[in-house]
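# Results of the structural survey
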Amino acid sequence: MQGVYLKGGIRLPRGFAAALLLSLIWGSWGAGSAHGADDITPEPLTSEAEAVDDQADESSSFLADIQLSGYLKNESAFRYREPRAITKIRNIAYLNAKYPYSSRFKFNFSGWAYYDLAYDLFDYDTIAARLERNSDEPLAFIVNLPREKDSPVAEIRELYMDMFLGDVDIRLGKQFVVWGVLEGVRITDEINPMDFRELLMPELLDYRIPLWMAKLDYYRENASYQFLWIPDIRFHKPAPPGSEWELLQEVPGTRFPDSFDYKNAEVGMRVSTNRWDTELSFSYFYTWDDFPVVFRRVRINEADAPDFFPTYTRLSMYGATFIKQLNSFILKGEMAYVTDKYFAVADVDKNGDGFLDSNGEFKRDHIRWGLGVDYNWEGMDISPSLVQWIVLDYDEALIQDEFDTSVNLFLRKEYPQSSMLFQFLAIYLINLEELYLKPKWTFRMTDRFQISTGLDMFFGQKSQFGVASSSAVTEGVVVREQRAQFIGNFHDNDRIFLEFKYAF
């Protein structure tokens, strides 16, 4: 994983409110026309009191048609490694509202607000474990580092209008689009960027960042066609600086493409069909790499400070997925061919000009593929999968391995007699020798109230860059083994969590 992240924020595109209002007017006109254009007999005038009563009835009917649902939730966590601490007491209110305006027009809204009490009750640096994480740094450096907390937060998660026009469905607004078939794996599923506020631990939709877009689905007898136009340009969002999940942050001087500029919009198309008793899809996505390319001008074997100019770049992704039933097994697969991605290189100067070649980045195409299977054994759903990246036209100077492989396992078992659900997730990054384990137990107390508990466990080494002090060498410093890690950076953050959720 290279690069840095862009902090995301909510922004309503210019003209969207006007477009929504026009759609409402269009829907009202269409609904009125459906009642009969030939019936033009004028209605008798009503009194002011009758008009008020009619308005009250209409308002009451409007409220009655709105379908409300949501939940109240508390998420608490305790880090059981030193320094031990309660690291989260997050209280969440989530609301979803659906309004079926007519058979052709429907509206949907969802949003949440949450606040973390842990920061009010406990010391910030204890929660973040910053002193331990940066124990090899001067105290003044640690104290002056920025600090933020993921609280309070209130945001719109979805706000869109659906139009059903025969064999065409159109959805306009802020939304999520999921293209993948392997759960928890991003191969073709690259539409919505990710929120890393708690690394990989939030629920699947909770760590996706919604985008303003237009989605059109066209249905035929043997196939469906989906088209996306995304003017809302956002990128992966990092954990807050100073939090216990901080990894990489925005590099000063990063150049971002303008959002809601038609020249920068992302576009995608997807064809889904069924052939040979197999669900197939083929897709194309012209997008931005959600990680910026950290171009740098570095003088080889010199002490001069490098110049950095991180920039976001375009990618083209050609994807395919399949789902096939084989007796009691369900076989799933995804593959993507990705062009024009940049990969960082180590110190290399093949042309002998004294500077790092290609500003530290080589452009290469690569292949991503994943294969998984779902089956049931003794009442337990078992879903293992294998995922791999392959860099084409590989150069030994690349920091990225030519083959990067991970193995994932998901287990699910219900115990109806105890009203309990057991789930288990394991992710093993083979190249980095890192492992994440998450067992979780959910107890359903009533139809609306449930309690969950579990563990988040991390295994692996931390990243290591730069130099270290040493009394054994003349200059007093020694170059350390350079190592970029992901899950291993958090091996001291093992925690137990407890969740209370009331749905309505």
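Rules used in this analysis
- Residues numbered from 1 in each chain as written.
- Predicted model: local features only at pLDDT ≥ 70, side-chain atom pairs only at ≥ 80, totals over all residues.
- Heavy atoms only, no water.
- Helix = DSSP H or I, 4+ residues; strand = E, 2+ residues; numbered from the N terminus.
- Areas by Shrake-Rupley, 256 points an atom, 1.4 Å probe, with all protein chains shown as cover.
- Buried < 20%, exposed > 50% of the residue type's maximum accessible area, 1.4 Å probe, protein only.
- Polar contact = N/O pair within 3.5 Å; in protein donor to acceptor, adjacent residues only side chain to side chain.
- Contact = heavy atoms within 4.5 Å.
- Core = buried A, V, L, I, M, F, W, Y, C linked by side-chain atoms within 4.5 Å.
- Salt bridge = Lys/Arg side-chain N within 4 Å of Asp/Glu carboxyl O.
- Lys, Arg positive; Asp, Glu negative; His and termini not counted.
- Pairing = 2+ DSSP bridges.
- pLDDT = per-residue confidence, 0-100.
- Phe/Tyr/Trp six-rings, centres within 6.5 Å; stacked < 30°, edge-to-face > 60°.
- Lys NZ or Arg CZ within 6 Å of the ring centre and 35° of its normal.

## A short note on the overall build of the protein
Looking only at helices and strands, the protein features 6 helices and 22 strands. As presented, the protein carries roughly 27300 Å² of accessible surface, and 57% of it is formed by carbon and sulfur atoms.

## Section: the side chain of Asn192
By secondary structure assignment, the location of Asn192 is in the loop between strand S5 (168-175) and strand S6 (211-219). Residue class for Asn192 comes out buried when judged on its relative accessible area of 0%. Here the side chain of Asn192 touches Gln175 through a polar contact of 3.3 Å, landing on its backbone oxygen. Setting aside its immediate chain neighbours within four residues, Asn192 contacts Gln175, Phe176, Val177, Arg186, Arg208, Ile209, Pro210, Leu211 and Met213.

## Section: the nonpolar core
One finds Ile191, Met213, Leu228 and Ile230 to be the most contacted residues of the largest nonpolar core, which totals 17 residues. Of all the elements in the fold, those that place two or more residues in this core are S6, strand S7 (223-230), strand S12 (314-326) and strand S13 (329-344). Among all residues touching Leu228, those that are not within four sequence positions of it are Val177, Trp179, Ile191, Met213, Ala214, Lys215, Glu266, Val267 and Gly268. By size, the runner-up hydrophobic cluster in this structure holds 11 residues, among which are Leu199, Ala239, Leu429 and Phe490.

## Quick word on unusual backbone geometry
Peptide bonds are, in most cases, trans, and in most cases residues other than glycine have a negative phi. Of the consecutive residues Glu82 and Pro83, the connecting peptide bond is found in the cis state with omega at -5 degrees. Mapped onto the secondary structure, Pro83 falls in the loop between strand S1 (67-79) and strand S2 (85-100). Non-glycine residue Ser419 carries a positive phi angle of around 50 degrees. Tracing the backbone through its elements, the reader meets Ser419 in the loop between strand S16 (403-415) and strand S17 (420-429).

## Some details on the pattern of salt bridges
As enumerated under the stated definition, the model contains 32 salt bridges in all. The shortest N-O distance in the salt bridge between Glu190 and Arg368 comes to 2.9 Å. Here Arg368 lies in strand S14 (residues 361-377) and Glu190 lies in the loop between S5 and S6, a separation of 178 residues in the sequence. Where Lys440 meets Glu499, a salt bridge forms, and the shortest distance between an N and an O atom there is 3.7 Å. A residue pair is termed long-range when its members are at least 10 positions apart, and Lys440 in strand S18 (residues 434-444) and Glu499 in strand S22 (residues 495-503) qualify at 59 residues.

## A word on the environment of Gly70
For Gly70, the position within the fold is in strand S1. For Gly70 and Ala93, which are 23 residues apart along the polypeptide, the C-alpha to C-alpha distance reads 7.7 Å. In contact with Gly70, not counting residues within four places along its chain, are Tyr94, Leu95, Tyr502, Ala503 and Phe504.

## Some details on the environment of Gly460
For Gly460, the location among the structural elements is in the loop between strand S19 (449-459) and strand S20 (467-469). Counting along the chain gives 30 residues from Gly460 to Phe490, while the straight-line C-alpha distance between them is 8.3 Å.

## Regarding the side chain of Arg314
Structurally, Arg314 is set in strand S12. Of the side chains with opposite charge, Glu266 lies nearest to the buried Arg314, which makes no salt bridge, at 5.5 Å. Within the structure, the side chain of Arg314 is placed 3.2 Å from the backbone oxygen of Asn264, a separation counted as a polar contact. Within the local environment of Arg314, its side chain forms a polar contact with the backbone oxygen of Ala265, the two atoms lying 3.0 Å apart. When residues no more than four places from it in sequence are discounted, the contact partners of Arg314 are Lys263, Asn264, Ala265, Glu266, Tyr286, Thr287, Trp288 and Asp340.

## Brief notes about the pairing of strand S10 (residues 293-297)
Of all 5 residues making up S10, 4 are buried, and the element is well covered by its neighbours. Pairing of S10 with strand S11 (residues 307-311), which is carried by 5 bridges, proceeds in the antiparallel orientation. The residue bridging Arg296 from the neighbouring strand is Phe308, located in S11.

## Points about the confidence of the model for the protein
This prediction gives the protein a mean pLDDT of 86; 83% of its residues lie at or above 70. Across residues 1-46 the pLDDT falls below 50, and counting only partners more than four positions away or on other chains, this stretch makes 71 contacts in the model. Taken together, the stretch residues 466-480 has pLDDT below 50 and engages in 19 contacts with residues farther than four places along the chain or on a different chain.

## As for the packing of aromatic side chains
Working definition: an aromatic ring pair is given by the centre-to-centre distance plus the angle between the planes. Enumeration over the complete set of coordinates arrives at 19 aromatic pairs. Here the aromatic rings of Trp179 and Phe285 are separated by 6.0 Å at their centres, their planes lie at 70 degrees, and the arrangement is edge-to-face. A residue pair is termed long-range when its members are at least 10 positions apart, and Trp179 in the loop between S5 and S6 and Phe285 in strand S9 (residues 278-288) qualify at 106 residues. Each member of the pair Trp179 and Phe285 is classed as buried. Members of the aromatic cluster, each reached through a chain of ring pairs, are Trp245, Tyr436, Phe458 and Phe490. We note Arg297 situated over the ring of Phe355; from NZ or CZ to the ring centre the distance is 3.9 Å. The residue whose ring lies beneath Lys413 is Tyr415, and the NZ or CZ to ring-centre distance is 5.5 Å.

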